[in-house]
Amino acid sequence: MYGERAPVDDANLRAAFLNISLDTNRSDLLRAVFEGVALNTRWLAGAVDRFLGAPVTSMAVTGGGALSDSWCQIFADVLGIEIRRDAQPLAVNARGAGWIGAVGVGMLSFADIPALMRTDRVFTPTPAHRATYDELFAVYRDLHRRLAPVYRRLHR
């Protein structure tokens, strides 16, 4: 809502709802927000894959958004990878800090931590949805290219 930092750094960019009609409802708009975040994550994932030298094949989701089965499935479909939801997605920061503290005082080693992690559910991509999102991703990137100059003009 206040610009973009990754994968492009452009403080002028803003969110937009496109292609809405009188038939568009609140649920459609909420799904569009979920899809927009997932599409931007897909764009960013390309840079992450290049940095790592290999594609990411699985991702853990945490936080409040992870409580939504719909959003987790959208991420799996848009990214085309397995999405693992933490068993307690709202507590990961506190748990992680506790584990780091336990390593610091010698109660655990970093090698012990993966065995302590718990997954609530795994979301896998739906092939038919993936094809749709491949097409929408191309449109998403094209819209960025076309709208970025418009946003710059609006924010003079």
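Shown above is the structure to which this text applies.
Within each chain, residue numbers correspond to sequence positions counted from 1 in written order. With the structure being a predicted model, the display of local features is reserved for residues of pLDDT at least 70 and the display and counting of side-chain atom pairs for 80 or more, all residues being used for whole-chain, interface and lining totals. To obtain the side-chain values, all non-hydrogen atoms of the structure were included, while hydrogens and water were left out.

K.L.:
How would you explain helix H3 (residues 92-104) if you had to name every residue and give the values?
P.N.:
Compared with the 18 Å implied by 1.5 Å per residue over 13 residues, the 18 Å span of H3 between its first and last C-alpha is a close match. Classification of residues uses two cut-offs on accessible area relative to the type maximum, computed with a 1.4 Å probe and protein chains only: under 20% is buried, over 50% is exposed, and between them is partly exposed. Numbering of helices and strands runs from the N terminus; a helix is a DSSP stretch of H or I covering at least four residues, while a strand is a stretch of E covering at least two. Among the residues making up H3, those that are buried are Val92, Trp99, Ala102 and Val103. Seen end-on, H3 carries its buried residues on one side only, within an arc spanning 100°. Opposite its buried face, H3 presents the exposed residues Asn93, Ala94, Ile100 and Gly104, each directed more than 90 degrees away. Any helix carries an expected span of 1.5 Å times its number of residues minus one. The arc refers to the directions leading from the helix axis to the C-beta atoms.

K.L.:
Provide a residue-level description of unusual backbone geometry, including the pertinent values.
P.N.:
Its identity as a non-glycine residue notwithstanding, Asn19 has a phi of 65°, on the positive side. Mapped onto the elements, Asn19 comes out in the segment before helix H1 (26-52). For Asn19, a relative accessible area of 78% gives the class exposed.

K.L.:
Residue-level account of the pattern of salt bridges, with values.
P.N.:
We define a salt bridge as a contact between a side-chain nitrogen of Lys or Arg and a carboxyl oxygen of Asp or Glu at a distance within 4 Å. As enumerated under the stated definition, the model contains eleven salt bridges in all. A salt bridge links Asp69 to Arg85; its shortest N-O distance comes to 2.6 Å. Of this pair, Asp69 sits in helix H2 (residues 69-79) while Arg85 sits in strand E2 (residues 82-86), placing them 16 residues apart in sequence. For Arg85, a relative accessible area of 8% puts it in the buried group. Where salt bridges share partners, they join Asp69, Arg85, Asp120 and Arg121 into one cluster.

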